[in-house]
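Notes for the structure review
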Amino acid sequence: MTIDLFTPLAVGPLELPNRVLMAPLTRSRAEEGHIPGPLMAEYYGQRASAGLIIAEATMAMEGHSAFIREPGIHSAAQVEGWTRTTEAVHARGGRIVLQIWHGGRACHPLLNNGLQPVAPSAIAISGDQIHTPQGKVDYVVPRALADDELPAIVAGFRLAARHAIAAGFDGVEVHGANGYLLDEFLRDGSNQRGGPYGGPIENRARLLLEVIEAVRAETELVGLRLSPLNSYNAMRDSDPVALASWLADHLNGTGLAYLHLMRGDFLQQQLGDVLTPVRERFQGVLIANMGYTAAEANAAIAAGAIDAVAFGTAFLANPDLPERLRSGAPLNTPDPATFYSPGPAGYTDYPFLSAAA
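This report concerns the structure included in the present document. Computed from a prediction, not measured in an experiment: that's the story for all the values here.

Structurally, the position occupied by Asn332 is in the loop between α11 (321-327) and α12 (353-356). With relative accessibility at 17%, the residue Asn332 sits in the buried group. One polar contact links the side chain of Asn332 to the main-chain carbonyl oxygen of Ala317, over a distance of 2.9 Å. Polar contacts involving the side chain of Asn332 include one to the main-chain carbonyl oxygen of Pro351, which spans 2.9 Å. In contact with Asn332, other than residues within four places in its own chain, are Ala317, Asn318, Arg324, Tyr350 and Pro351.

Printed below as a string of structure tokens:
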């Protein structure tokens, strides 16, 4: 039997009806206080036909905002707000996990009541600016975290996972990608500290592995997103293939339900093949992401190179993406001007096939 995007897949305790997953997409539609509102519930509910929805990067702890109006999961009001979303998805037969996240040095004092961002080392993001209520500004130099502060970070992720399960999510995805805190510890371009959390790969990975262990204590379904090649947020590593390979080996036995791997670099600055060595080493479900067409995804799944694909902008513009891919129907074109704008335009108003017919 040929395995393709529409072959069911077991992920932890879940049986996914298809392998067309929705990647986490920051949309900046949360309400005041970083609270998910009814509009977000409608958006995710529309996309419930995904094999699995991975909800957008969500603040595990207060005071670490890196966007305007991104959601959190650290307050009772946020948990209540997210409950509307999980109920909307489950009512339509869907499955949804929450991506829990710490922005690290990508945060800014203007978004966090003057609080200086934290990171493994006091190295600022260079070559880019951040959007704030006062307009675009340069990133600031973060404060290097002390070793004795890291247990509180781990505890924060664990509490976020507990809150996510209380809000009705089917599990969580730990955000270890794209130049945010856990990724900053992993890569040697941003982690230049010494001691038990710096230096060789096994030390740089220590915080991530501690977070996974803590989060696994709260839920059976834990995924992890990694981006060893991605240079977004001024990220680099001297040997991303070696980093990806080491992680793939050492993530076995952690109880991960899946590994979600970004195969390339948004900015095309750092090239290489991380999928092949990860597939050779990681023994669990491997989800790939970045630029897949339906044909390429089907071919990769059939060949056993990956188990599923997480689609990003295609799902943003096509709430019924699995149906469109199955039938070969044309796709709606996403509108970048509305990716982060407030309100329903470019968010919940993309047509379904039934409406477009």
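Tallying each qualifying case throughout the model produces nine aromatic pairs. Judged by centre distance (5.9 Å) and plane angle (35 degrees), the ring pair of Phe67 and Trp101 falls under tilted. Note that Phe67 is positioned in the loop between β4 (53-59) and α2 (76-91) and Trp101 in strand β5 (residues 96-101), a separation of 34 residues in sequence. Accessibility classification places Phe67 together with Trp101 in one group, the buried group.

So, about the pairing of β4. Within β4, seven of the seven residues are buried, which leaves the element mostly enclosed by the surrounding structure. Inspection of the sheet shows β4 paired to β5 by five bridges, in the parallel sense. Paired with Thr58 across the two strands is Ile100, which belongs to β5. The parallel pair β4 and β5, bridged by α2, forms a crossover whose chirality is right-handed.

What counts and how
- Residues numbered from 1 in each chain as written.
- Predicted model: local features only at pLDDT ≥ 70, side-chain atom pairs only at ≥ 80, totals over all residues.
- Heavy atoms only, no water.
- Helix = DSSP H or I, 4+ residues; strand = E, 2+ residues; numbered from the N terminus.
- Buried < 20%, exposed > 50% of the residue type's maximum accessible area, 1.4 Å probe, protein only.
- Polar contact = N/O pair within 3.5 Å; in protein donor to acceptor, adjacent residues only side chain to side chain.
- Contact = heavy atoms within 4.5 Å.
- Phe/Tyr/Trp six-rings, centres within 6.5 Å; stacked < 30°, edge-to-face > 60°.
- Pairing = 2+ DSSP bridges.
- Right-handed = clockwise from strand over helix to strand, strands pointing away.

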